[in-house]
Amino acid sequence: MMRASPPSDFEPDPLRDENDPVWNLLARAPLAEPDAWFAARTLARCRNEKLGMEPSAQNAGWFIRWTRMGRWAFGGGLGVCLAAGLLVAQMSSEKADDQKKVQEAFEIMATMDSDTDSSSSNSSWQDSSL
Amino acid sequence: MKKRVRDEEVARGAMGDSDAHDKVLMVEIARGDERALRELIEKHQGAVYGTIAKMLGDAVEAQDLAQQVFVRVYRAAGSYRATAQFKTWMFTIVRNLVFNEHRRRSRATLVSLSPPENETGNTGGAPGMDLPDLAIKTPGEAMLQRELMRKVDEAILALPEQQRLAIVLRRYDEFSYEEIAEILKTSVPATKSLLFRARETLRVALQDYLDLEGGKSGDEK
């Protein structure tokens, strides 16, 4: 897009503003005015700002920040503990299951052994002569 | 011609007095004088609020931003060094806040839920704006005047932000080219160029009204 640029000899004439119809037209839409309470509200806001800047308030700010940080740390710690507890519980239950399975396996093997002892006394692998 | 030069000198002298008074007020504000702060706010609220409202076209945002300007002035009172004109310095704060707000708005445009401008029910000026009473006689004239104001405001709002601020500062706040250049952090020739382009854009956008005004003044003659 082509941009309108001022002519090379462009030197704004202080009188030109007054003669320019665009300038006069802009005057027909003057600046909006603030309401009657604007100054009072702004002063109140500045006062609040001042309170926020005072040392006691700053200390209070620090205290609040630390409390908030402590709260987050406590929450985080609790979460980690809970997660660790769950993990340990899960691991121990898995271990118990494994132990149970091993015990069952031993029991099965033991019954199998006793069966073989009683039934296969003539098995070749038990033959001491071999 | 001589009278004009003398008038300008008087105006400059008055401005100098006004600036010196602003600087005195800033010293008093730094000492915690609330009356000085009130005086400063009351003195500049019209220009600050009006400029921001023209720049944003939103009365509520303009109130908030104008308050922020004075809060910043108040906060900076302790460290304020009177190296430049007070008003120029204050309008640098206005510029920063307004341009930040533009950036924030341009980021938020995609998720805007506000109704289009022509559905807000406003009959004049930018949406929600309290326009000054111009003491117009007939309802027809009032309507025409409101429409003209709305069109002028829309044309200004359609300008790029630098041009918009330059034109508002020059036309409504009557800053010099040097002061506008300082506020916009640019050179004087660049400021003149910005103003030239802004005027040309406005001339095109408001051509119908310019013709109407020309016709009116021709009739009057």
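Residues numbered from 1 in each chain as written. Chains lettered and ligands numbered in written order. Predicted model: local features only at pLDDT ≥ 70, side-chain atom pairs only at ≥ 80, totals over all residues. Heavy atoms only, no water.

### What to know about the overall build of chain A
Step number 1: Scanning chain A from terminus to terminus reveals four helices and zero strands.
Step number 2: The order of α-helices and β-strands along chain A, N terminus first, is α-α-α-α.
Step number 3: Each of the 130 residues in chain A was classed as buried or not, and the buried ones make up 15%.
Step number 4: Of the roughly 10400 Å² of accessible surface on chain A, a fraction of 63% belongs to carbon and sulfur atoms. (Helix = DSSP H or I, 4+ residues; strand = E, 2+ residues; numbered from the N terminus. Buried < 20%, exposed > 50% of the residue type's maximum accessible area, 1.4 Å probe, protein only. Areas by Shrake-Rupley, 256 points an atom, 1.4 Å probe, with all protein chains shown as cover.)

### A look at the overall build of chain B
Step number 1: In terms of helices and strands, chain B carries nine helices and zero strands.
Step number 2: Considering only contacts in chain B between residues 6 or more positions apart, those separated by 24 or more positions represent 64%.
Step number 3: If you sum the accessible surface of chain B, you get close to 12000 Å²; carbon and sulfur atoms cover 52% of it. (Contact = heavy atoms within 4.5 Å.)

### A few points about the environment of Thr111 of chain A
Residue and element names in this part refer to chain A.
Step number 1: Along the chain, Thr111 turns up in helix α4 (residues 55-119).
Step number 2: Judged by its relative accessible area of 46%, Thr111 is partly exposed.
Step number 3: Engagement of the side chain of Thr111 in a polar contact is seen with the backbone oxygen of Ile108, the distance being 2.5 Å. (Polar contact = N/O pair within 3.5 Å; in protein donor to acceptor, adjacent residues only side chain to side chain.)

### Quick look at a nonpolar patch on the surface
Step number 1: A cluster of nonpolar side chains, contributed by Val102, Phe106 and Met109 of chain A, occupies part of the molecular surface with about 310 Å² of accessible area.
Step number 2: Relative to the elements of secondary structure, Met109 of chain A occurs in helix α4. (Patch = residues over 30% accessible without salt bridge, like charges linked within 9 Å, V, L, I, M, F, W, Y side chains within 5 Å. Salt bridge = Lys/Arg side-chain N within 4 Å of Asp/Glu carboxyl O.)

### Concerning the interface of chain B and chain A
Step number 1: Between chain B and chain A, the contact holds 53 residues from the first and 38 residues from the second.
Step number 2: Roughly 4500 Å² is buried in total at the junction of chain B and chain A, and carbon and sulfur atoms are behind 63% of that figure.
Step number 3: When the area that chain B buries against chain A is broken down by residue, the three leading residues are Arg171, Phe196 and Arg199 of chain B, summing to 15%.
Step number 4: At the surface where chain B touches chain A, the tally comes to five salt bridges.
Step number 5: Measuring nitrogen to oxygen at the nearest pair gives 2.6 Å for the salt bridge that ties Glu49 of chain A to Arg75 of chain B.
Step number 6: Joining chain B to chain A, the criterion identifies 14 residue pairs in polar contact (both at pLDDT 80 or more).
Step number 7: Of all the secondary structure elements, the ones that give two or more residues to the side of chain B that touches chain A are α2 (34-56), α3 (59-76), α5 (139-157), α6 (161-171), α8 (188-205) and α9 (207-220) of chain B.
Step number 8: If you tally residues by element for the side of chain B that touches chain A, the top one is α2 of chain B, at 13 residues.
Step number 9: Looking at the side of chain B that touches chain A residue by residue, the class counts come to 25 nonpolar, nine polar and 19 charged. (Buried area = accessible area lost by both parts, 1.4 Å probe. Nonpolar A, V, L, I, M, F, W, Y, C, P; charged D, E, K, R; others polar.)

### Some remarks on the nonpolar core
Step number 1: Formed by 68 residues in total, the largest nonpolar core has its most connected members in Leu26 of chain A together with Val48, Ile52, Val69, Phe91, Val152 and Ile167 of chain B.
Step number 2: With eleven residues, α2 of chain B is the largest single contributor of residues to this core.
Step number 3: What Phe91 of chain B contacts, discounting residues up to four positions off in sequence, is Ala47, Val48, Thr51, Leu169, Asp173, Phe175 and Ile183 of chain B. (Core = buried A, V, L, I, M, F, W, Y, C linked by side-chain atoms within 4.5 Å.)

### With respect to the packing of aromatic side chains
All names here are of chain B.
Step number 1: Summed over the entire model, instances satisfying the criterion amount to six aromatic pairs over all chains.
Step number 2: Plain terms: the ring middles of Phe86 and Trp89 are 5.8 Å apart, the flat faces sit at 45 degrees to each other, and that makes the pair tilted. Placement of both Phe86 and Trp89 in helix α4 (residues 86-108) is noted, with a separation of three residues, approximately one turn of the helix.
Step number 3: On the basis of relative accessibility, which here comes to 24%, the residue Trp89 falls in the partly exposed class.
Step number 4: Between Phe91 and Phe175, the aromatic rings sit 5.1 Å apart at their centres with planes inclined by 70 degrees, giving edge-to-face as the arrangement. (Phe/Tyr/Trp six-rings, centres within 6.5 Å; stacked < 30°, edge-to-face > 60°.)

### Regarding unusual backbone geometry
All names here are of chain B.
Step number 1: Look at Glu174: it is not a glycine, yet its phi comes out positive at around 55 degrees.
Step number 2: Tracing the chain through its elements places Glu174 in the loop between α6 and α7 (177-183).
Step number 3: You can call Glu174 exposed: its relative accessible area is 60%.
Step number 4: One non-glycine residue, Lys185, lies in the positive phi region at around 55 degrees.
Step number 5: Mapped onto the elements, Lys185 comes out in the loop between α7 and α8.

### Some words on the confidence of the model for chain B
All names here are of chain B.
Step number 1: Per-chain confidence: chain B averages 82 in pLDDT, with 76% of residues scoring 70 or above.
Step number 2: Low pLDDT, under 50, characterises residues 115-128; the predicted model gives this stretch 22 contacts beyond four residues in sequence or across chains.
Step number 3: Prediction confidence for the complex, expressed as pTM and ipTM, is 0.65 and 0.74 respectively. (pLDDT = per-residue confidence, 0-100.)

### Points about the pattern of salt bridges
Step number 1: Across all of its chains, the model carries 16 salt bridges over all chains by this definition.
Step number 2: Between Arg199 of chain B and Asp20 of chain A there is a salt bridge, and its shortest N-O distance comes to 2.7 Å. Of this pair, Arg199 of chain B sits in helix α8 while Asp20 of chain A sits in the loop between α1 (14-19) and α2 (21-26), each in a different chain. With respect to burial, Arg199 of chain B and Asp20 of chain A carry one shared label: buried.
Step number 3: Residues Asp22 of chain B and Lys43 of chain B are paired through a salt bridge, measuring 2.7 Å at the closest nitrogen-oxygen approach. Of the two residues, Asp22 of chain B sits in helix α1 (residues 2-30) while Lys43 of chain B sits in helix α2, which places them 21 residues apart along the sequence.
Step number 4: Among the residues examined, Asp22 of chain B registers a relative accessible area of 2% and is labelled buried.
Step number 5: Residues joined in a network through salt bridges with shared partners are Asp58, Glu61, Glu101, Arg104 and Arg105 of chain B.

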